[in-house]
Every structure is written in structure tokens, then in C-alpha cells.
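Here is what each chain is made of, one letter per residue.
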Amino acid sequence: MQVARRIQGLSAAIFSEMDDLGKELRAAGVDVINLSVGSPDRSPALHIQQALIEAIREPGIFNYALAEGLPEFKQAVADWYRQRFGVLLDPEREVLSLMGSQDGLAHVYLAYLNPGEVALVPDPGYPIYSAGVVLAEGTIHPLPLLKENGFLPDLGAVPVEVAQRARIMVINYPNNPVAATADLDFFRAVVQFARKYEIIVCHDVAYSELAYDGYRPPSFLEAKGAKEVGVEFHSLSKTYNMAGCRCAFVVGNAEILDGLRVIKSNIDFGVFRAVQKAGIAALHGSQEAVEINARVYQRRRDILVRGLSSLGWPVPSPKASMFIWTPLPAGWRSSREFVWELARRTGVLFVPGVAFGPRGEGYVRIALVGSEQRLEEVVRRIGNSFDFS
Ligand SMILES: *Cc1c(COP(=O)(O)O)cnc(C)c1O
């Protein structure tokens with residue numbers, strides 16, 4: 001079957017590749033520990049589960065939802081933003097519900113990028129940022145995330161003629177995969193850059209609530225003028241362990257949201273209303289479980305950072321996100337080779353950094369999605385199978 005050209009530009013998603021490797025090992029009797037996919041392994045708080053159970057008994061709840069999102073859901077989002085970030089939003093015009101932020105990040109280009117127009121996308125980056133550009137038949141200009149710049153894009157290094165042609169840029173802090181954070185000064189510089197070249201900024205803030213040691217990541221919308229140039233995507237997937245529910249939202253510039261709304265109203269009929277009600281319970285309810293969640297991930301981080309470092313593989317300790325992003329151990333150059341060898345020797349799955357873009361080569365991403373015992377087991381197995389000294 002002849003597929004459309006735009007499909008040929010999509011790489012087979014690394015996660016299905018890792019999944020296949022895991023299946024192969026399991027079939028061979030290996031006890032696989034899969035730290036490749038960043039899918040939360042914990043459950044939503046009980047009050048969220050309860051809201052979902054109650055909602056599915058309401059008459060009419062299984063009807064099509066409004067594409068827009070329930071007014072109460074959008075209000076809950078605006079309330080949460082005010083409380084968490086001090087950012088004021090008009091729930092009617094400045095909030096849009098999404099079937100996962102993946103939905104919004106995939107479709108925003110269809111609304112704002114004509115074929116051949118330029119999008120500035122981080123390298124390494126979360127795969128949908130470039131897949132969305134490919135589907136819209138746009139042109140990707142990578143923004144290298146380099147260690148020497150604190151894994152922030154160097155906006156001054158974007159050639160002027162590229163910046164002038166760019167329509168959209170994506171940023172993501174706390175970052176997946178590089179686990180770096182950004183402060184408001186960086187966001188202010190992005191606002192200036194976006195104003196100067198009339199670029200739409202899309203900030204993905206999926207990990208704002210997974211931060212450690214007391215650190216509180218800011219919203220892009222806290223930067224002065226941000227709402228004039230951009231929107232911010234947030235998801236209930238990580239914050240409330242609701243990844244399978246497909247419930248998220250995008251907030252910010254009302255005009256930018258209008259374009260996305262047009263695309264979405266043609267494609268989908270909105271998030272299942274029972275899920276939106278669970279989302280309201282999550283956003284309006286006690287945030288204690290969110291804090292506990294962050295502490296659980298922090299302990300997991302510490303087990304791997306301490307354990308691997310003690311083996312002679314010094315891995316950096318992230319301030320936020322659910323990942324460790326680390327250079328390969330001494331003596332290894334290819335992230336794919338290392339990850340495959342690691343899987344073969346230990347049954348542990350990480351993601352090769354190069355899967356997130358050429359600038360990811362030389363690194364691996366480790367998702368903190370195993371229990372403390374399992375992560376201790378990871379350290380033990382690596383210690384038994386590799387000599388980093
Ligand atoms: C997990 C994740 C999301 C969330 O995606 P959903 O579609 O909302 O589940 C968004 N961005 C990044 C960078 C992520 O890692």
C-alpha cells in the first residue's frame with residue numbers, strides 16, 4: 001500500500017521499538033524492568049477515582065461532550081492557574097480542554113503552519129513536537145539543547161533569516177527528555193524573541209508539579225507579555241496520574257486558541273465528560289497527593305543517582321521531571337549500542353538519547369517509573385554486569 005509522503009517523514013516511535021524489545025526479552029524468560037516509557041505507575045488519588053465512579057452514573061454522561069470542554073472544567077483550570085501560578089485566565093476564551101496535551105501539540109501546527117513554513121523545535125525533544133510539524137508538512141529548524149547552555153536553546157544563535165520565517169516555536173520546562181528547568185528570565189527572553197519575529201510560542205509544562213527539593217517551576221504565562229505571544233499546554237497525565245484518561249488543557253492567548261479550536265471541532269467531540277468531572281475533582285480538590293507524588297519520585301531519583309554514581313557512573317540529579325538524563329558511562333559512545341547491551345545483559349530498558357534527536361546522542365533517558373525495590377534491583381543488576389571503574 002502506497003502511504004502518503006508525510007507518513008514517510010515519521011520515524012517509527014521509539015517507544016514501540018522498546019516495547020518490542022521488552023516483549024522479546026520476556027518471551028525468553030527475562031524479568032524485564034522497563035524504565036523506557038514515562039507512563040506513571042501510580043494511581044490517581046481516591047477522591048479523583050470516586051468522582052469518576054459517580055460521574056459515570058449520571059444520566060446523559062455518555063453523550064458526546066462539547067468539543068470545548070465543560071464550562072466547569074474550564075473554570076477549574078482557571079482557578080488552578082490562579083492558585084498555583086498567580087496567572088489570571090478568562091475560562092471562556094483563554095482555556096481549551098484537550099484529549100491529552102499530545103492532542104493539542106499534534107494539532108496546533110495544522111492551525112498555524114502552512115506547508116513549508118518553519119517551526120523551531122528543541123533537539124533533543126519530546127517526539128510529538130517534530131511529528132506534528134511533519135504531519136503539517138512544515139519545516140523543522142532544530143533548537144539545540146546543549147549542556148553548556150544549561151539545556152536552554154540559544155535564541156541568539158538562530159539565524160535571522162530563519163527566525164523571520166519561523167511561525168511557531170516549542171519550549172518545554174521542566175524538560176523531557178533532558179530534565180532541565182528554566183527560570184522566568186529565560187521565559188522573558190523568549191517573549192522578546194517571539195515579539196520581535198512574530199512567532200507563536202507553545203510551552204509544554206507537563207512536569208510543573210513533579211519537582212524536587214522544594215523547587216517550584218514557573219509558568220511561561222508568568223512572564224510579562226507572554227499571553228500576547230503564546231499558549232501553555234498542561235496535562236493531568238503526570239500531575240494526577242491520569243495518563244490513560246486523556247485529559248489535558250491549553251491556556252493563554254485567546255486568538256491562538258481559536259485556531260486550535262477550529263481544528264479540534266472538526267476532528268473530535270471532546271473529552272468524555274465523566275473524565276472532565278474527575279479532572280475538576282483533581283484540580284479543585286486537595287493537592288496533598290500531588291506533593292506526595294513528587295516525594296515518591298524524588299526518593300526514586302535519589303536511589304538511582306546514588307546507586308549508579310557509587311558504581312562509577314556519575315549521573316546528574318534533576319530538579320524536576322520524571323526522568324534522569326545522563327551522559328553514557330565512560331567508554332561508551334553510541335546510546336543505542338549501550339541501551340541494547342544493557343537490555344541484553346540486565347533486562348533493564350532505558351531510552352537511547354539519540355531517539356529524541358541527533359543532539360541526544362551520548363546520553364540515555366531513564367524514567368523513574370519503578371518502585372524503590374525495583375530501582376535498587378536495577379542498580380544491583382548494572383553493578384553485576386558492567387565495570388565502570
Ligand atoms: C507525558 C508528557 C506529556 C503529556 O501528554 P498527554 O498527552 O497529556 O498524556 C506532554 N508533554 C511531555 C513532554 C510529556 O512527557
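Everything numeric here is computed off the predicted structure, so don't read it as measured data.

1. Re the overall build of the protein chain
Part 1 of the argument: Looking only at helices and strands, one finds 15 helices and twelve strands in the protein chain.
Part 2 of the argument: Seen through its principal axes, the protein chain has C-alpha atoms that stretch 60 × 55 × 50 Å.
Part 3 of the argument: Out of the 389 residues belonging to the protein chain, those deemed buried represent 56%.
Part 4 of the argument: Considering only contacts within the protein chain whose residues lie at least 6 apart along the sequence, 74% involve residues at least 24 apart.

2. What about unusual backbone geometry?
The phi torsion of most residues other than glycine is negative, and most of the peptide bonds are trans.
Part 1 of the argument: Backbone torsion omega between Tyr173 and Pro174 reads -5 degrees, so that peptide bond is classified as cis.
Part 2 of the argument: As for its position among the elements, Pro174 is in the loop between β5 (166-171) and α8 (184-197).
Part 3 of the argument: Note that the residue after Asn176, namely Pro177, is joined by a cis bond; omega there is 10 degrees.
Part 4 of the argument: Examined against the element boundaries, Pro177 turns out to sit in the loop between β5 and α8.
Part 5 of the argument: Positive phi values are uncommon outside glycine, yet Arg246 reaches one of about 55 degrees.

3. Concerning the nonpolar core
Part 1 of the argument: Ranked by size, the top nonpolar core spans 104 residues in total, and within it Tyr81, Leu120, Met169, Phe220 and Phe350 carry the most contacts.
Part 2 of the argument: Two domains each donate at least three residues to this core, and these are domain 1 (5-43 + 289-385) and domain 2 (58-284).
Part 3 of the argument: If you look at the next biggest cluster of nonpolar residues, it comprises 26 residues, including Val108, Ala131, Ala136 and Ala248.

4. Concerning the state of the cysteines
Part 1 of the argument: For the structure on display, the rule yields zero disulfides.
Part 2 of the argument: With no disulfide partner, Cys245 has as its closest neighbouring cysteine sulfur the one in Cys247, 7.0 Å distant.
Part 3 of the argument: Assessed through its relative accessible area of 0%, Cys247 is described here as buried.

5. Some details on the sheet that holds strand β11 (residues 351-352)
Part 1 of the argument: Taken in spatial order, the three strands line up as β9-β12-β11 in an open sheet, and their pairing is antiparallel. At either margin of the open sheet sits one strand with a lone partner, and together these are β9 (323-327) and β11.
Part 2 of the argument: As paired elements, β9 and strand β12 (residues 363-367) share five bridges and run antiparallel to each other. If you follow Thr326 over to β12, its bridge partner there is Val364.

6. Brief notes about the site of the ligand
Part 1 of the argument: Taken together, 14 residues surround the ligand, and among them Asp204, Ser235, Ser237, Lys238 and Arg246 come closest.
Part 2 of the argument: In this structure, Tyr207 approaches the ligand through a side-chain N or O atom, which is 2.6 Å from an oxygen atom.
Part 3 of the argument: In this structure, Ser237 approaches the ligand through a side-chain N or O atom, which is 2.6 Å from an oxygen atom.
Part 4 of the argument: Burial of the ligand by the surrounding chains reaches 95%, relative to a free accessible area of 390 Å².
Part 5 of the argument: Judged by its atoms lying within 2 Å of the grid points, the ligand is housed in the largest pocket.
Part 6 of the argument: For the shell around the ligand, the secondary structure elements donating two or more residues are α5 (101-112) and α10 (236-239).

7. Description of the layout of surface pockets
Part 1 of the argument: Of the voids in this model, the largest pocket is the one considered here, and its volume is about 1000 Å³.
Part 2 of the argument: In terms of lining residues, the largest pocket is bounded by 46 residues, among which Phe15, Gln102, Tyr126, Pro127 and Ile128 are the most central.
Part 3 of the argument: At the level of secondary structure, the elements contributing two or more residues to the lining of the largest pocket comprise α2 (14-27), α5, β3 (118-123), α6 (128-135), β4 (139-144) and α10.
Part 4 of the argument: With five residues, the single largest contributor to the lining of the largest pocket is α6.
Part 5 of the argument: For the lining of the largest pocket, a count of residues per class yields 25 nonpolar, 14 polar and seven charged.
Part 6 of the argument: Mapped onto the domain boundaries, the lining of the largest pocket takes at least three residues apiece from domain 1 (5-43 + 289-385) and domain 2 (58-284).
Part 7 of the argument: As for the second largest pocket, its lining consists of 18 residues, of which Arg84, Glu209, Arg216, Val290 and Glu291 are closest to the centre.
Part 8 of the argument: Elements that contribute at least two residues to the lining of the second largest pocket include exactly α4 (71-85) and α13 (288-310).
Part 9 of the argument: Of the residues assigned to the lining of the second largest pocket, the class counts are seven nonpolar, five polar and six charged.

8. Comments concerning helix α12 (residues 273-284)
Given 3.6 residues per turn, any residue in an α-helix points the same way as the ones three and four places further on.
Part 1 of the argument: Look at α12: 16 Å from first C-alpha to last across twelve residues, which is about the 16 Å you get at 1.5 Å a residue.
Part 2 of the argument: Summarising the contacts, the buried residues of α12 are in contact with α3 (46-55), α4, α10 and β8 (248-252).

9. As for the packing of α3 against α12
Part 1 of the argument: For the pair α3 and α12, interaxial distance at closest approach is 8 Å and the crossing angle is 150 degrees. On the basis of the axis angle, α3 is roughly antiparallel to α12. In this structure, α3 meets α12 at a crossing whose hand is right-handed. Listed contacts from α12 to His47, Ile48, Ala51, Leu52 and Ala55 of α3 are Ala274, Val275, Lys277, Ala278, Ala281 and Ala282.
Part 2 of the argument: In the contact of α3 with α12, the residues fall into nine nonpolar, one polar and one charged.

Rules of the game
Residues numbered from 1 in each chain as written. Predicted model: local features only at pLDDT ≥ 70, side-chain atom pairs only at ≥ 80, totals over all residues. Heavy atoms only, no water. Helix = DSSP H or I, 4+ residues; strand = E, 2+ residues; numbered from the N terminus. Buried < 20%, exposed > 50% of the residue type's maximum accessible area, 1.4 Å probe, protein only. Contact = heavy atoms within 4.5 Å. Core = buried A, V, L, I, M, F, W, Y, C linked by side-chain atoms within 4.5 Å. Domains from an automatic or database assignment. Disulfide = S-S within 2.5 Å. Pairing = 2+ DSSP bridges. Near = heavy atom within 4 Å. Polar contact = N/O pair within 3.5 Å; in protein donor to acceptor, adjacent residues only side chain to side chain. Areas by Shrake-Rupley, 256 points an atom, 1.4 Å probe, with all protein chains shown as cover. 1 Å grid on protein atoms, 1.4 Å probe; cavity = no way out; pocket = protein on both sides within 12 Å on 5 of 7 lines; lining within 4 Å. Sits in = over half its atoms within 2 Å of the grid points. Points joined across faces, edges and corners; volume = space filled by probe spheres on them. Nonpolar A, V, L, I, M, F, W, Y, C, P; charged D, E, K, R; others polar. Expected span 1.5 Å × (residues − 1). Axes fitted to C-alpha atoms, helices over the stretch in contact; angles between N-to-C directions. Parallel < 35°, antiparallel > 145°, perpendicular 65-115°, else oblique. Left-handed = near helix turned anticlockwise from the far one by under 90°.

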